[in-house]
Amino acid sequence: MHLGRAITFVFVAGFSSLILAARNQTTPPQKEVTFTKDVAPILYKNCVVCHRPNDVAPMSLMTYDEVVPFARMIQQDVEQRKMPPWHEDPQVGEFTNDPRLSDADIATIDEWVKRGMKKGDPKDLPPAPAFEPGWHILPDVIFTIPEFVVPKTAMDDYEYIYVPTNFTEDKWIQAGEVLPGDRRVVHHATVSVIDQAEYAKHVAEHAKENAGVDEYHYRTGKVLHLRPDAPVIDDGCSAPDGGGIPGHPSGYLNIVPAIYLPGHMPEIRPPGYALRIPAHSYLQFQIHYSNHRGLDEKDRTSIGLVFAREPVQHEVAQYEIWNNMFRIPPNDSNHRVTSCFTLPKDVIAVAYTAHMHFRGKSMTTKAIFPDGHEEVLMDVPHYDFRWQETYFLKKPFVLPKGTKLMTVAYFDNSQNNPLNPDPSKALRWGEPSDEEMMGFWLQFADPQVVTEKAVEAQK
Ligand code: HEC
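What counts and how
- Residues numbered from 1 in each chain as written.
- Predicted model: local features only at pLDDT ≥ 70, side-chain atom pairs only at ≥ 80, totals over all residues.
- Heavy atoms only, no water.
- Helix = DSSP H or I, 4+ residues; strand = E, 2+ residues; numbered from the N terminus.
- Buried < 20%, exposed > 50% of the residue type's maximum accessible area, 1.4 Å probe, protein only.
- Lys, Arg positive; Asp, Glu negative; His and termini not counted.
- Salt bridge = Lys/Arg side-chain N within 4 Å of Asp/Glu carboxyl O.
- Polar contact = N/O pair within 3.5 Å; in protein donor to acceptor, adjacent residues only side chain to side chain.
- Contact = heavy atoms within 4.5 Å.
- Axes fitted to C-alpha atoms, helices over the stretch in contact; angles between N-to-C directions.
- Parallel < 35°, antiparallel > 145°, perpendicular 65-115°, else oblique.
- Left-handed = near helix turned anticlockwise from the far one by under 90°.
- Domains from an automatic or database assignment.
- Buried area = accessible area lost by both parts, 1.4 Å probe.

Trainee: Mind showing me how you'd approach the side chain of D89 here?
Mentor: Looking at where D89 falls in the secondary structure, it is placed in the loop between α4 (71–79) and α5 (103–114). It is R100 that comes nearest to the buried, bridge-free D89 among opposite-charge side chains, at 7.5 Å. In this structure the side chain of D89 is engaged in a polar contact, spanning 2.8 Å, whose partner is the backbone nitrogen of Q91. Dropping the residues within four chain positions of it, D89 is found in contact with D379 and P381.

Shown next, in the form of structure tokens:
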């Protein structure tokens, strides 16, 4: 592979310098935009993390020969800012994982395409970034589920699979990534940390045929749904539970080192912020399998974890805040649903995620501080189910106890929504993708400084 690439470069280099020489006789020398000098660094920095062989994007953009056939499409997509993908409003907040290109980079690509996509001097080409196959981080440790057969009948199944960490001491996790074993059937995977006592309880609960069934929920096979006749609360903020199941708060705590969702990249927390995995914990893989291949498929999904390298200051966890009681009428193109959750303690905001299914249209979350002033935290004006990013704040900041987080989502259940599987259906909360969810997740850190020598624990 390396050898092949080197040979290509030598060959094309000789060729293009001939062309250059010929051109220079007639036109005055001018600064030329070339692939090797100008375009490759932009792609290496911003694109190849996904656009490399066997990764999430449909084509690799590592080499000149791979890029040229897509050049016009690249020019168009970067100008329209469709690529790299990013769905948070650029006016709201600053995020460490904001991949948007600078105007100068976009102009460079534009110029390069307009001027005939010159290759340039191979010596200008920066070294290609190195990746672990599949991963977008370099994990210190990887946990993989035992081989799981996803039957061809598993159109929408939630499976709960447990892997012991066998950690004999607490570990601090700065980054994490869930790598689907088979992207064609793994729709999403949430990995949560649970302790030994919870482990036994979870295993027993999820083994039950009627797991999760109560006065509001029913089950079909391996998925849970809200009953069609459950009370309707679209405006969660007007209800005592903020949009949660009556009697339950809209927000609950979860310890999630990493999650896989469509278009989701790894969780990379700022230095000094880390998630604790206590000794002897288990990892619960909640995997949503969706097998439309007509064949049984085998899956071995993994989570990769990177230990904190720097002293940990703040311990990270997550509030998942939901409206679970909405009802979206058929053919409604702009259905409003809200949730509200009041923070029970001081937290440091670290990252935000918007979660809806195919009808999700937009989501905005604002903080209403105890002194009454308001601030928009997250604004996803054009939600896209295929791109469920988590937005990591450049400057984490304190949200004091008593701050109300108010989320407003709109759903498009009309036929104008190209992703809509069925506009004629009224929708309630449900685990399958063709039913709906409305969630805002806040990764937060404890303002209390961690006093133990958290990094020493890794040795
Ligand atoms: C987070 C991963 C990711 C990053 C980063 C990314 N892409 Fe993509 N790209 C994808 C995926 C997945 C698709 C296919 C799905 C889609 O089109 O929405 C895609 C599609 C495309 C397409 C359209 C291909 C087609 O056949 O329609 C172009 C062109 C493209 N990307 C260019 C770029 C460029 C240029 C960059 C960097 C400036 C970039 N992408 C960054 C994941 C990514």
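Trainee: What am I meant to see in the packing of α4 against α5 here?
Mentor: In helix packing, the relevant descriptors are the interaxial angle and the interaxial distance, both defined with respect to the helix axes. At a minimum axis separation of 10 Å, α4 and α5 run at an interaxial angle of 150°. Comparing the axis directions of α4 and α5 gives the class roughly antiparallel. Judged by the twist between their axes, the crossing of α4 over α5 is left-handed. Contacts between α4 and α5 involve A71, R72, I74, Q75, V78 and E79 from the first element and I106, I109, D110, W112, V113 and K114 from the second.

Trainee: How should I be thinking about the environment of T63 in this particular structure?
Mentor: Position of T63 relative to the elements: it lies in the loop between α2 (35–46) and α3 (64–67). Sequence separation between T63 and A40 is 23 residues; the distance between their C-alpha atoms is 8.0 Å.

Trainee: Sorry if this is basic, but what is going on with the domain arrangement of the protein here?
Mentor: A common way to report how large an interface is uses the accessible area buried once the components associate. Considered domain by domain, the protein is made up of domain 1 (2–84 + 91–124) and domain 2 (141–458). When each unit is reduced to the centre of its C-alpha atoms, the spacing between domain 1 and domain 2 is 37 Å. Contacts between the two partners involve nine residues from domain 1 and, on the opposite side, 14 residues from domain 2. Summed over both sides, the interface between domain 1 and domain 2 buries roughly 1000 Å², with carbon and sulfur atoms accounting for 64% of that surface.

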